[in-house]
Amino acid sequence: MIPDILVVGGGIIGLGIALELRDRGAQVQVLEGQMPGAATPAAAGMLAPQAEDLAPGPLLDLCLLSRGLYGPWTEKLTARTSMPSGYWPCGILAPLYQNPSRGRSGVWLDLESLREKVPGLSVEVTGGWWFSMDAQVDNQALWSCLLKAVQLAGVEVLPAAAVKFHHRGDKVEFLETGSGCLSAGHYVLAAGAWSSKLYPLPVAPLKGQMLVLRGPRLDQVVFGPDVYLVPRRDGRLLVGATTEEVGFTPGNTAAGISNLLQAALRLLPTLASYTLEGYWWGFRPSTPDGWPILGPSQWDNLTLATGHLRNGILLAPATAQLISNWVWERQTHPLLEPFGVGRPSLQENLI
Ligand code: GLY
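Every chain begins its residue count from 1, and numbering advances along the sequence as written. Per-residue local features are limited, in this predicted model, to residues with pLDDT of at least 70; the limit for side-chain atom pairs, both in listing and counting, is 80 or more; totals at the level of whole chains, interfaces and linings are taken over all residues. Neither water nor hydrogens contribute to the side-chain values; these are computed over all heavy atoms in the structure.

Asks: I'm lost on the overall build of the protein chain in this one. Help?
Replies: Each helix corresponds to a stretch of at least 4 residues labelled H or I by DSSP, and each strand to a stretch of at least 2 residues labelled E; elements are numbered beginning at the N terminus. When its secondary structure is counted, the protein chain shows eight helices and 19 strands. Within these notes, the globule rule equals 2.2 Å times the number of residues to the 0.38 power, and the radius of gyration is based on C-alpha atoms. Taking 20 Å as the expected radius of gyration for a compact globule of 351 residues, we find that the protein chain reaches 20 Å, a close match to that expectation. Along the longest, intermediate and shortest principal axes, the C-alpha atoms of the protein chain span 65 × 45 × 40 Å. Accessibility here uses a 1.4 Å probe with only protein chains present; expressed as a share of the type maximum, an area under 20% marks a residue as buried, one over 50% as exposed, and anything in between as partly exposed. For the protein chain, the residues scored as buried account for 54% of the 351 residues in total. Long-range pairs, those at least 24 residues apart, make up 75% of the contacts in the protein chain with a sequence separation of at least 6. Accessibility throughout is a Shrake-Rupley quantity obtained with a 1.4 Å probe, and a residue counts as covered only by protein chains that appear here. Carbon and sulfur atoms make up 54% of the accessible area of the protein chain, which amounts to about 14,300 Å² in all. Positive residues here are Lys and Arg, negative ones are Asp and Glu, while His and the chain termini are left out of the count. Charged groups are reduced to one reference atom each: NZ for lysine, CZ for arginine, CG for aspartic acid, CD for glutamic acid. In the protein chain, 25 positive and 29 negative side-chain charges are present, and the distance between their average locations comes to 3 Å. By definition, residues are in contact when any of their heavy atoms lie within 4.5 Å.

Asks: Where do I start with the environment of A39 in this structure?
Replies: Residue position: A39 is located in helix α2 (residues 39–42). The class of A39 is partly exposed, set by a relative accessible area of 30%. Separated by 166 residues in sequence, A39 and P205 have C-alpha atoms that sit 9.7 Å apart. Setting aside anything within four residues of it in sequence, one finds A39 in contact with F283 and P285.

Asks: Would you mind showing me how to read the state of the cysteines here?
Replies: Any covalent bond linking the sulfur atoms of two cysteines counts as a disulfide. Disulfide assignment relies on a single distance test, namely cysteine sulfur atoms paired within 2.5 Å. In total, this model carries zero disulfides according to the counting rule given. Lacking any disulfide linkage, C63 is separated from the closest cysteine sulfur, that of C90, by 17 Å.

Asks: Would you mind going over the site of the ligand with me for this structure?
Replies: One heavy atom within 4 Å of a molecule or strand is enough for the residue carrying it to be called near that molecule or strand. The local shell around the ligand consists of M46, E52, Y228, A241, R284 and R310. Throughout this description, a polar contact denotes any pair of N or O atoms lying within 3.5 Å of each other; where both atoms belong to protein, one of them has to be capable of donating a hydrogen while the other can accept it, and for residues adjacent in sequence the pair is counted only when both atoms sit in side chains. Taking Y228, its side chain carries an N or O atom lying 2.6 Å from an oxygen atom of the ligand. Expressed as a share of its isolated accessible area of 200 Å², the protein-covered part of the ligand is 87%. The residue inventory of the shell around the ligand, partitioned by class, reads three nonpolar, no polar and three charged. Basically, the charged four are Asp, Glu, Lys and Arg, the nonpolar ten are Ala, Val, Leu, Ile, Met, Phe, Trp, Tyr, Cys and Pro, and anything else, Gly included, counts as polar.

Asks: Could you clarify how one ought to interpret the environment of Y70 in this entry?
Replies: Here Y70 is to be found in helix α3 (residues 58–81). The class of Y70 is buried, set by a relative accessible area of 0%. Separated by 23 residues in sequence, Y70 and L47 place their C-alpha atoms 8.8 Å apart. Those residues in contact with Y70 that lie beyond four places of it in its chain are I12, L47, Y87, V137, L142, I313, L314, A316 and P317.

Asks: Before we go on, may I ask you to explain the sheet that holds strand β2 (residues 28–32) in this structure?
Replies: By definition, the strands of a sheet pair up through backbone hydrogen bonds, in either a parallel or an antiparallel sense. Strand order in the open sheet made by the six strands is β8-β2-β1-β12-β19-β18, with mixed pairing throughout. A strand with exactly one partner marks an edge of an open sheet, and here the two such strands are β8 (156–159) and β18 (293–296). Along the sheet, successive strands turn relative to each other by an average axial angle of 20°, direction set aside. The pairing of β2 with β8 spans four bridges and is parallel. Residue Q29 lies in a different strand from β8, and its bridge partner there is E156. Only the stretch in contact is used when a helix axis is fitted, and all axes are lines through C-alpha atoms; the angle between N-to-C directions ranges over 0 to 180 degrees. The strands that helix α7 (residues 312–329) touches are β1 (5–8), β12 (186–189), β18 and β19 (302–306); relative to β19, the one it contacts most, it runs at about 175°. By the convention used here, strands pair only if DSSP detects at least 2 bridges between them.

Asks: How should the side chain of E52 be read in this particular structure?
Replies: Within the secondary structure, E52 is located in the loop between β3 (46–47) and α3. On the accessibility criterion, E52 (18% relative accessible area) is buried. If near-sequence neighbours (up to four positions away) are discounted, E52 is found in contact with M46, F223, R310 and N311.

Asks: Is there a simple way to explain the layout of surface pockets in this structure?
Replies: Over the atoms rolls a probe the size of a water molecule, and its path tells where empty space is left. A cavity, in this analysis, means grid points on a 1 Å lattice covering only the protein atoms where a 1.4 Å probe fits yet has no way out; a pocket is instead an open set bounded by protein on both sides within 12 Å along at least five of seven lines, and a residue lines either one if it has an atom within 4 Å of a point. Grid points are joined across faces, edges and corners, and a volume is the space filled by probe spheres set on the points. Looking at the largest pocket, its volume works out to about 800 Å³. In terms of lining residues, the largest pocket is bounded by 50 residues, among which A38, A39, T40, F283 and P285 are the most central. Mapped by element, the contributors of at least two residues to the lining of the largest pocket are α1 (12–23), β2, α2, β9 (162–168), β13 (204–214), β17 (275–286), β19 and α7. With four residues, β17 is the single largest residue contributor to the lining of the largest pocket. For the lining of the largest pocket, a count of residues per class yields 30 nonpolar, 15 polar and five charged. Size it by volume and the second largest pocket reaches roughly 260 Å³. Mapped onto the lining of the second largest pocket, the elements with two or more residues apiece are β4 (92–96), β14 (221–224) and β15 (227–231). Counting residues per element, the lining of the second largest pocket draws most heavily on β4, which supplies three residues. For the lining of the second largest pocket, a count of residues per class yields nine nonpolar, three polar and five charged.

Asks: I'm lost on the environment of G120 in this one. Help?
Replies: For G120, the position within the fold is in the loop between α4 (111–117) and β6 (127–131). Residue class for G120 comes out partly exposed when judged on its relative accessible area of 28%. In this structure the C-alpha to C-alpha distance between G120 and L268, which are 148 residues apart in sequence, comes to 6.0 Å. Not counting chain neighbours up to four residues away, the residues in contact with G120 comprise R115, L267, L268, P269 and T270.

Asks: Before we go on, may I ask you to explain the sheet that holds β9 in this structure?
Replies: Across the sheet, three strands lie side by side as β9-β10-β11; this open sheet has antiparallel pairing. The open sheet has two edge strands, β9 and β11 (180–182), and neither has a second partner. Strand-to-strand twist across the sheet, computed as the mean angle between neighbouring axes with direction ignored, equals 30°. In the sheet, β9 pairs with strand β10 (residues 171–177) via six bridges, with the strands oriented antiparallel.

In structure tokens, the structure reads:
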């Protein structure tokens, strides 16, 4: 059977789109390439449009929309699967080592007030911003929960790597994969950092290394200078992340881990007694202007949903809705249009 939709990419963006389309009545297949360093399992799961200090404009608007969708979306997924998503509207603190040079959308707290929330913060901290609406999700728990929801809904998830789109004129004819060729009525490219291997897009990997500690639990995310600390409810504390333009070079490095630990210990010296439990790396899908690429391509039956850079986990529910509206109903939206592949800031970088 040829499905209505083939989603290329089984990360949170691809699965989110697949579920949304299935719920609207489409027959959907997902191709999950199991790429080492894929961003979904490697991420920290911050839902942080304010802490990330995004400039006012369409990306911030899209991120705020998606942050607002997170509670209902994860509730729905848990209700369907009885699996946790780890959504935790815990707020995010953003401490600084100097006085702020400009106002931001959060509440400014002095060190004493910050320490009521996070005891032990460094005396070097002058104060920090409190973003009570920013949140986090356990991206690995959410991924498992979403995969289960997708399968329960009747989406077929195929474990194979995409190799090449074959097209005739302005239509994709079929997708060549590592284990045969697949056809569909419509294709969605959601292959994260690997997207430009399948379609000419200026999407490149931006490596991030992370590590995890275990110790007394923090109750908020701490988004500091040079490092962020993301507590999980079970006592793990994720520490991230480096930002490295090294292509698809795999592995953790001594410098990467050392820089993260130094920045974390400077910010919160009490972490010195925490246990180091592990470390990993991942590849963010980056674009020249830092915005995702969403919407139609030059091929009539291929839609793009990639390049989410630092905000893929956050943007999953909004991307799922807007892309499904486009694919299934040809409906566009003021928050989809600015992210088209034809925007001027991408044109000189098309590869
Ligand atoms: N969203 C945080 C990061 O990409 O490191």
